[in-house]
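In case you want the letters, here they are:
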Amino acid sequence: MSSQRGNACRTRPQKHKNRTVFKNDLHDKTPLQKRLNSLHVSEVCQHCKDVIEWKIKYKKYKALSQPKICTKCQQRNVRKAYHVLCKDCALQARVCAKCLKSAEDVEIELPAPSPQEQVKLKAEMEKLIKSFPERKRRAFLRYMEKGKKQTDETNSVSIIEGKEKILKMPHSRDELLQKIEQMKLEAINENDDDDDDDDDDDDDDDFVTDNDSSRSEY
C-alpha cells in the first residue's frame, strides 16, 4: 500500500505466502491439544462458534484452570472458556452462552448427547420404528448410527492437498423424528402406488374377460 494520500489500493501481490496451512499439533502432541482438537463447541451461536474454533485452530485458545462464575446463577459452573453462562442456564434461557444473543435471533449449537442420553434415545427410536418393515427399520438404524458429517478445519494438512478431517456428530432427537415421519410418508405413498397398480390390474382383467365373452358369442 502506498503512502500517497487517497491511494488505498495495492497492485502488487502478497509478499510472503504460506505454502502449507498452520497445523496446531505439529509440535504439540500433548493430551490437552488432542482434546482441544476434538472439542465440540456448543451452547453458542454460529458466530461465536467460528471465533472459538479459530482460536483452537491457531493455538490462541486459553483453557480455564478452574470453573468461572455464571453471570446468571452466580455459581461456579462455567467450565468452558469464553462462556459467561453455564450450560444449564444457557439452555434454559435459550441464549448464546458467550454473546447472550437469543435463539430467536441466531441459531444456537446444541450440545452433543451423553452416552446415557444416546442409549435412552436409541431405545425410544426403536420403540417408534417397531411397526416398520424390516428393510426400513434397518435403514433407519443405519441412518442413526452413521450420524451427520461435520467438517473440522483445525487439522487441515495443506492448501495444496486440501485435506480436511471429517467429524461425525449424532443426529438430534428432532432430526430423528423428522426422518421417521419422512419414512412413514414414503411408506404411505408406496402403499397408494401398490393399490393403484392393483386397480389397474383388475381393470385389465375385466377388459380381457369382456373380450373373451364377446368372442365366445360370435
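Residues numbered from 1 in each chain as written. Predicted model: local features only at pLDDT ≥ 70, side-chain atom pairs only at ≥ 80, totals over all residues. Heavy atoms only, no water.

Draft legend 1. Looking closely at the nonpolar core. Ranked by size, the top nonpolar core spans 19 residues in total, and within it Val44, Ile56, Tyr61, Cys70, Leu85 and Cys96 carry the most contacts. For this core, the elements supplying multiple residues, two or more each, are α2 (46-57) and α3 (87-93). Within the second largest apolar cluster, nine residues are counted, among which are Phe140, Met144, Leu176 and Met183. (Core = buried A, V, L, I, M, F, W, Y, C linked by side-chain atoms within 4.5 Å. Buried < 20%, exposed > 50% of the residue type's maximum accessible area, 1.4 Å probe, protein only. Helix = DSSP H or I, 4+ residues; strand = E, 2+ residues; numbered from the N terminus.)

Draft legend 2. Structural context of the state of the cysteines. Under the defined criterion, the tally for this structure stands at zero disulfides. Unpaired in terms of disulfides, Cys89 finds its nearest cysteine sulfur in Cys86, a separation of 3.3 Å. Using a relative accessible area of 8% as the deciding quantity, one classes Cys89 as buried. This cysteine, Cys99, is not joined by any disulfide, and Cys96 carries the nearest cysteine sulfur, 3.5 Å off. Looking at Cys99, the relative accessible area reads 30%, which means it is partly exposed. (Disulfide = S-S within 2.5 Å.)

Draft legend 3. Quick look at α2. Taking 1.5 Å as the rise per residue, α2 with 12 residues should run 16 Å; its terminal C-alpha atoms sit 16 Å apart, in good agreement. Three or more residues of α2 are buried, namely Cys48, Lys49, Ile52, Ile56 and Lys57. Backbone geometry just downstream of α2 places Lys59 in the positive-phi region, at approximately 55°. (Expected span 1.5 Å × (residues − 1).)

Draft legend 4. Here's a closer look at the confidence of the model for the protein. Looking at the protein as a whole, its pLDDT mean stands at 77, while 75% of the residues score no less than 70. α2 holds the highest mean pLDDT among the elements of the protein, 94, whereas strand β2 (residues 165-169) holds the lowest, 56. The low-confidence segment residues 151-166 (pLDDT under 50) makes 32 contacts with residues lying over four places distant or belonging to another chain. (pLDDT = per-residue confidence, 0-100. Contact = heavy atoms within 4.5 Å.)

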